[in-house]
Each structure stands twice: as structure tokens, then as C-alpha cells.
Amino acid sequence: MEVTRTRRRPLGRLYLTAISILAAAATLTACASGKATTGTASQAAAAPSASATTGGSGGGKVSIFVIGGKSDDPFWSAVKRGVDDAAKVVEAGSGKVTWLGPQNYDNLGPDAAKLILSAKSQGSTAIIGADWVPEAQNDAFKTASSGGVPVFLFNAGGPEQAKNVGALSYTGSEELLAGKAGGEFFAKNGARNVLCVNTVPGAVNTEARCKGVAQGMSTGGTSTQLPLPSSSFGNPTAVTQAIKAALLKDSTIDGLITISTQDADSAAAAIDQAGAAAKVKLGTFDMSDTQLQRIKAGKQLFCIDQQPYLQGYLAVSQAYAYNAFGLRVAQESLLTGPAIVDARNVDAAIAGVKAGVR
């Protein structure tokens, strides 16, 4: 699939290495259909117990727990699609993959920490998790890794936090680089004052995104952050009104970027309501069919894709290969982004969204 990539050089070898791991596992265990078990913090205690196993021991039942986002979050549904597809191989080998997610994002770090500890207490043989708020989650990750449970980070935290908590690898995008790519793209297309709308302030990945946008804009303009209460995430009316107010207050804003596709829909509505469609360029992290159709129609400038399907697929593949066969990718991180999607490559991205993998 053709996409414009930033700092792409190492990606091809990393993808090939990780996918080869899954292929090797699939050769040994004929693929069967199945889906990851889904749960929330309140359901985690009911998960069946299994004995933890060290990498490559071949003993004990593989029981992989994945701590991800809300089940109704479009981004995380694509991640879970990747988890579910990789889970087919795990289940063919008589193993199990269990998905846990928070009820909401209001208390994200502490809630995620509870899920990590719940996964450990239920006999997980590997834990995959996003390190959204390191100060709240790292002790839980360290409790797991120091207690003999292999930990794999994905989506948030990066290689730095992976090393800090004793994780074996990180799979995802480096958010600072992704933000910088977005800022540079804005500047290249004439924006001079970009507002980064953050509806999950304090989360390490969203803060890094906005910081990166400012860095990317530094040679041709400026970018500031509009932090909104986490309770506004998923509340289109609240987000729309906050962005509209910001646009009406500062007429020099000529670019908006949001941390999610839901917020991008709200931003598009705010731009229209403020009568700023001819002036304000819109970009977003992540993407959906709605965003891509706006790009195709010339009403949105770009999306920054971090390929969430691959994050779930590769993370589970690594955890299973390590648990079952002692296989481990040599690199500290598998980068799944950033990829800029704009008018030049939007048709290919639309095909991926229709397939449920982008």
C-alpha cells in the first residue's frame, strides 16, 4: 500500500522479521479461526487462571493478556482486529489471548495499572500493554516483568519506557516523530499558526504528538496546544464548541490537528461553524473512512497513520513466539509509523479502511 513515510529506512526489515516469526509459528501450528477474549477492568478477575511460563520453555499453557483502549474507540477496534487475527495462531496451539480495556479515559493511568496487575494475578504468560501514563503504570509493568511475566509494550511508551519497565520490545509509532512529520507537512502547505487539540492531556503519547507538531512547525511557524478535559473525549458537542471558541478568539489560527478521528470530526464541524473553512487546514492523527473522504473531497489536508492493525498483530505474534518457542526479535522497537496520508495516496488508504485493517 503506497503511503508517504517519514524516516522509513528501518521499517521494511523490522516488518519482515516480525512477520517471519508469525509465519514460523503458523507452520508449526495450523491456523484455526477464533477471536481474542474481551474484558474490562471489572471482568478481569473472572479470567481463568494459567501457569506462567518463561520464553521458550514449551511448558504450561500460553495465556497472553492485552491491555488496550476502549472497545468502542474506532482506533482500538483496528488494533483489536490485528490482535484477533494473530490470536488464531495462538489458539491453534491451545493458547489463549485475552483483551482488557478501561471503561473510559477519565482515570486512564491508574485504571490501566489495575488491569496490568489483574492480568498478572490471573496467570498471564505474557502481558502486552500501552504505557500511556508511565508515572501511574510503570510500577505495575515492573511488578509483572520482575515477577517472571514477559512484558511487551505497544502503541505508547516507546523504546525508552520499554527499557525502563523491563519490556522485551516496543511495537508502534514514535509519537514525537509522528507529530514532527505532521508539523512539517503543515508548514510545507502554508500553515503558520497550528492548534493541536488534546482531549487526553497528560497521556505521554498525546503530549508527545502535540510537542512534535510544534517542533515540526518551528522552521515555518508556531503551534500551541489546546488541552481539553479527558471527559470531553467522545463528546463531540463539547469538543466542537471548545475548538470553535478558540478559532473565534484567535483569527490567525490557520491549522488544526487533533489526536483522534472523533475529535477531527468535531474540528471539521467547528471550522464550518466558525466560518473558517477557506482559511483553516485540518489534519489528524489516525484515520477513518470519514477523514479519508474529506481528504478526497479537498476538505481536509491529511491524516497521520500509525497502522494500528500492525501494532496488535505484531505485538501478539512476538509474545506468542517468545512464549512458545523462545523466539525474540533482536530490535528494541518495531516502528509502524508515521505515514502521511493525503490527496496523493488517499485511494489506497480507503481500500485498507474498508478491509478493516487501517
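Preceding this section is the structure that the text describes.
Here the structure is a predicted model, which means the values were calculated and not measured.

> Just checking my understanding: could you explain empty space enclosed by the protein for this structure?
Sizing a probe to match a water molecule and rolling it over the atoms shows the empty space that remains. A complete count under the given rule lists two cavities of 30 Å³ or more for this structure. Elements with a minimum of two residues in the lining of the largest cavity: helix H2 (74–92) and helix H7 (204–217). With three residues, H7 is the single largest residue contributor to the lining of the largest cavity. When its residues are assigned to classes, the lining of the largest cavity shows nine nonpolar, five polar and three charged. The computed volume of the second largest cavity comes to approximately 30 Å³. Around the second largest cavity, the lining residues are Phe152, Leu168, Ser169, Gln318, Tyr322, Leu327, Arg328 and Val329. Its residues placed into classes, the lining of the second largest cavity shows five nonpolar, two polar and one charged.

> Looking at this structure, how should I read the layout of surface pockets?
Estimates place the volume of the largest pocket at around 340 Å³. As for the largest pocket, its lining consists of 18 residues, and the residues nearest its centre are Gly157, Gly158, Glu175, Val204 and Ala208. Examining the composition of the lining of the largest pocket, we find that five residues originate from one element, H7, more than from any other. Reported here for the second largest pocket is a volume of approximately 240 Å³. As for the second largest pocket, its lining consists of Ala268, Ile271, Asp272, Ala277, Val280, Lys281, Leu282, Arg294, Gly298, Lys299, Gln300 and Leu301. At the level of secondary structure, the elements contributing two or more residues to the lining of the second largest pocket comprise helix H9 (261–273) and strand S11 (281–285). Per-element accounting of the lining of the second largest pocket gives the leading share, three residues, to H9. Residues of the lining of the second largest pocket, tallied by class, amount to six nonpolar, two polar and four charged.

> Hey, could you run me through the packing of aromatic side chains in this one?
Centre-to-centre distance and the angle between the planes together describe a pair of aromatic rings. Enumeration over the complete set of coordinates arrives at nine aromatic pairs. Taking the centre distance of 5.4 Å and the plane angle of 85 degrees together, the rings of Phe75 and Trp76 count as edge-to-face. Between Phe186 and Phe302, the ring centres sit 5.0 Å apart and the planes meet at 75 degrees, which makes this aromatic pair edge-to-face. Residue Phe186 is located in helix H6 (residues 175–188), and its partner Phe302 is located in strand S12 (residues 302–305); the two are separated by 116 residues in the primary sequence. Judged by its relative accessible area of 0%, Phe186 falls in the buried class. A relative accessible area of 0% places Phe302 in the buried class. Each member of the aromatic cluster is reached from another via a ring pair, and the members are Phe75, Trp76, Trp99, Trp132 and Phe154. The ring of Tyr105 has Lys70 lying over it, and the distance from NZ or CZ to the ring centre is 5.7 Å.

> What exactly am I supposed to notice about helix H5 (residues 158–165) here?
Since the α-helix packs 3.6 residues into each turn, any two residues three or four apart lie on the same face. All of the buried residues in H5 are Gly158, Gln161, Ala162 and Val165. Angularly, the buried residues of H5 cover 110 degrees about the axis, an arc narrow enough to put them on a single face. Turned more than 90 degrees off the buried face of H5, the exposed positions are Glu160 and Lys163. Among the structural elements, helix H4 (134–146), strand S6 (151–154) and strand S7 (170–172) are those in contact with the buried residues of H5. In the segment just after H5, Gly166 is the residue with positive phi, at about 80 degrees.

> Whenever I open this one, the pattern of salt bridges confuses me. Can you help?
For side chains of opposite charge, pairing can occur when their charged atoms come near one another. The full count for this structure, using the stated rule, is ten salt bridges. Salt-bridge contacts for Arg209 lead to Glu175; the nearest nitrogen and oxygen are separated by 2.9 Å. Of this pair, Arg209 sits in helix H7 while Glu175 is found in helix H6, placing the two residues 34 residues apart along the sequence. Judged on exposure class, the residue Arg209 and its partner Glu175 are both buried. A salt bridge links Arg294 to Asp265; its shortest N-O distance comes to 3.0 Å. With Arg294 in helix H10 (residues 289–296) and Asp265 in helix H9, this pair connects stretches of sequence that are 29 residues apart. Assessed through its relative accessible area of 33%, Asp265 is described here as partly exposed. Salt bridges linked by common partners bring Arg81, Asp85 and Lys88 together as one network.

Rules of the game
Residues numbered from 1 in each chain as written. Predicted model: local features only at pLDDT ≥ 70, side-chain atom pairs only at ≥ 80, totals over all residues. Heavy atoms only, no water. 1 Å grid on protein atoms, 1.4 Å probe; cavity = no way out; pocket = protein on both sides within 12 Å on 5 of 7 lines; lining within 4 Å. Points joined across faces, edges and corners; volume = space filled by probe spheres on them. Helix = DSSP H or I, 4+ residues; strand = E, 2+ residues; numbered from the N terminus. Nonpolar A, V, L, I, M, F, W, Y, C, P; charged D, E, K, R; others polar. Phe/Tyr/Trp six-rings, centres within 6.5 Å; stacked < 30°, edge-to-face > 60°. Buried < 20%, exposed > 50% of the residue type's maximum accessible area, 1.4 Å probe, protein only. Lys NZ or Arg CZ within 6 Å of the ring centre and 35° of its normal. Arc of directions from axis to C-beta. Contact = heavy atoms within 4.5 Å. Salt bridge = Lys/Arg side-chain N within 4 Å of Asp/Glu carboxyl O.

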